[in-house]
Every structure is written in structure tokens, then in C-alpha cells.
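Given next are the chains, with one letter for each unit.
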Amino acid sequence: MPKSIQELTDLIAELPGLGPRQARRIVQYLLRADASFKKKLADRVVTLTDGISRCASCFRFDETDNKKLCPLCADQGRDRSTLLVVEKDVDVEGIGSAGMYRGQYFVLGSLMPLTKQRRSALSPRVTELLAGLKKRVPDVKEVVLAFATTPEGDYTARELKRNLTETFPAITTSFLGPGLSLGPEI
């Protein structure tokens, strides 16, 4: 395989959810695509972050206002008494598309790893969650933890519930019901 094709295949295979086989298919598609499509795709990749930043409140990527808030966090009509904590931005989109939840969000960014050496890797975002809640007390009455039903998701939910209960005993901490879809599956 030519070096340029292999290098592009390797880069695409690094994207989440894509393996080497899917990456090769994408590269083969790009080889057949017309020049205008490839240019438009390359331009969108290069300018992806133009006008996009991380929200200062929920930490998801979106267009933000002058206060660095995304449209969801800036919306005064949202229920400020509930906070739904999710792992990734895509989880916010999935839950939001159902149209059932009208509260606030917080994107954790990743789940807590089960290995002791790596547990401190998530502590800054957990610290930001706790600091943000301190500013919102007594407005926030409930924090809902909505993580994937995996060992890491369950561990993260247990550890966060413990931290939240110790730090904010007046706030109810709950979980999505077992078996409820999350993220893009909702």
C-alpha cells in the first residue's frame, strides 16, 4: 500500500469507533470522491473549532455567548433544580433529542478508570463539578448520574454519589433506571 494511503488510513483508524478495516473503506471512498468534496471535507476539519468552545458551565463543545455559556446553559427557561451528569457531549445530544429532560447538564469528559494509578486523571473535572454545585446551592435539588452500564460507568457513578452525598447532603443523587438507553441509543 502506498505510504500516503497507509498514513491516512492509520489517522482515520484513530477515530473512536473506527478500526483499520473501516478506515481503509473511508480512504478508498476518498480516493474515488471528487476534488470539491475532499476540499470541503478538509476545510471543515481545519475550521472545526472556529466559533466553537467548551461551555464554562456544562463543559460541552458548542457555540458560546460572551459569558462562555452554550445555548442550553444560557437558556433561562431550563429547570435549574436538576443537573444531569453524563460522560460525553454526544450523551447530551441523545438525551436532548428525546425532548423529555429540561434541566441542566454537566459533561464529565470520561469515566473514572478502575486502576488505582489512573484514578487521579479525572479529578480536575470532578473538582469542577463540585465547585460548580457549590455556586448553585440551594438552586440544585437533584443530581442525576447517567453513565453507561459498564464497570467504569458503575464505578464512576458510585464514587460520584459518595462525593456528592458527603459534600452536599441536601441534594438528592439519583441514577437513570437500569436498562434505559443513553446517548445516541435513546
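Here, the structure is the one placed above.
Now for a look at the structure at hand. (Residues numbered from 1 in each chain as written. Predicted model: local features only at pLDDT ≥ 70, side-chain atom pairs only at ≥ 80, totals over all residues. Heavy atoms only, no water.)

## Looking at the nonpolar core
Inside soluble globular proteins, nonpolar side chains tend to come together where they are buried.
So, step 1. Judged by nonpolar contacts, the single largest core of 21 residues is most densely connected at L83, V85, L133, V143, L145, F147 and L160.
So, step 2. Among the secondary structure elements, those contributing two or more residues to this core are β3 (79-86), α6 (123-136), β5 (142-146) and α7 (151-167).
So, step 3. Grouped together as the second largest cluster of nonpolar side chains are 13 residues, C55, V92, Y101 and A146 included. (Core = buried A, V, L, I, M, F, W, Y, C linked by side-chain atoms within 4.5 Å. Buried < 20%, exposed > 50% of the residue type's maximum accessible area, 1.4 Å probe, protein only. Helix = DSSP H or I, 4+ residues; strand = E, 2+ residues; numbered from the N terminus.)

## Description of the pairing of strand β4 (residues 103-107)
So, step 1. Within β4, five of the five residues are buried, which leaves it mostly tucked inside the rest of the structure.
So, step 2. Note: β3 against β4, five bridges, orientation parallel. For L84, the partnering residue across the bridge sits in β4 and is Y105.
So, step 3. Remark: the β3/helix α5 (residues 89-98)/β4 crossover connection has right-handed handedness. (Pairing = 2+ DSSP bridges. Right-handed = clockwise from strand over helix to strand, strands pointing away.)

## Topic: a nonpolar patch on the surface
So, step 1. There is a patch of nonpolar side chains on the surface, built from Y29, F37, L41 and V45 and spanning about 380 Å² of accessible area.
So, step 2. Broken down by element, the residue count for the nonpolar patch peaks at three residues, all from helix α3 (residues 35-46).
So, step 3. Mapped onto the elements of the fold, V45 is located in helix α3.
So, step 4. The class for V45 is exposed, based on a relative accessible area of 57%. (Patch = residues over 30% accessible without salt bridge, like charges linked within 9 Å, V, L, I, M, F, W, Y side chains within 5 Å. Areas by Shrake-Rupley, 256 points an atom, 1.4 Å probe, with all protein chains shown as cover. Salt bridge = Lys/Arg side-chain N within 4 Å of Asp/Glu carboxyl O.)

## Structural notes on the pairing of strand β6 (residues 172-175)
So, step 1. In terms of strand pairing, β5 meets β6 through four bridges, oriented parallel. From the neighbouring strand, L145 faces β6, where its bridge partner is F175.
So, step 2. Taken together, β5, α7 and β6 constitute a β-α-β crossover, and its handedness is right-handed.

## Observations regarding the environment of L130
So, step 1. Within the secondary structure, L130 sits in helix α6.
So, step 2. For the pair L130 and E7, spaced 123 residues apart in sequence, the C-alpha to C-alpha distance is 42 Å.
So, step 3. If near-sequence neighbours (up to four positions away) are discounted, L130 is found in contact with L164 and F168. (Contact = heavy atoms within 4.5 Å.)

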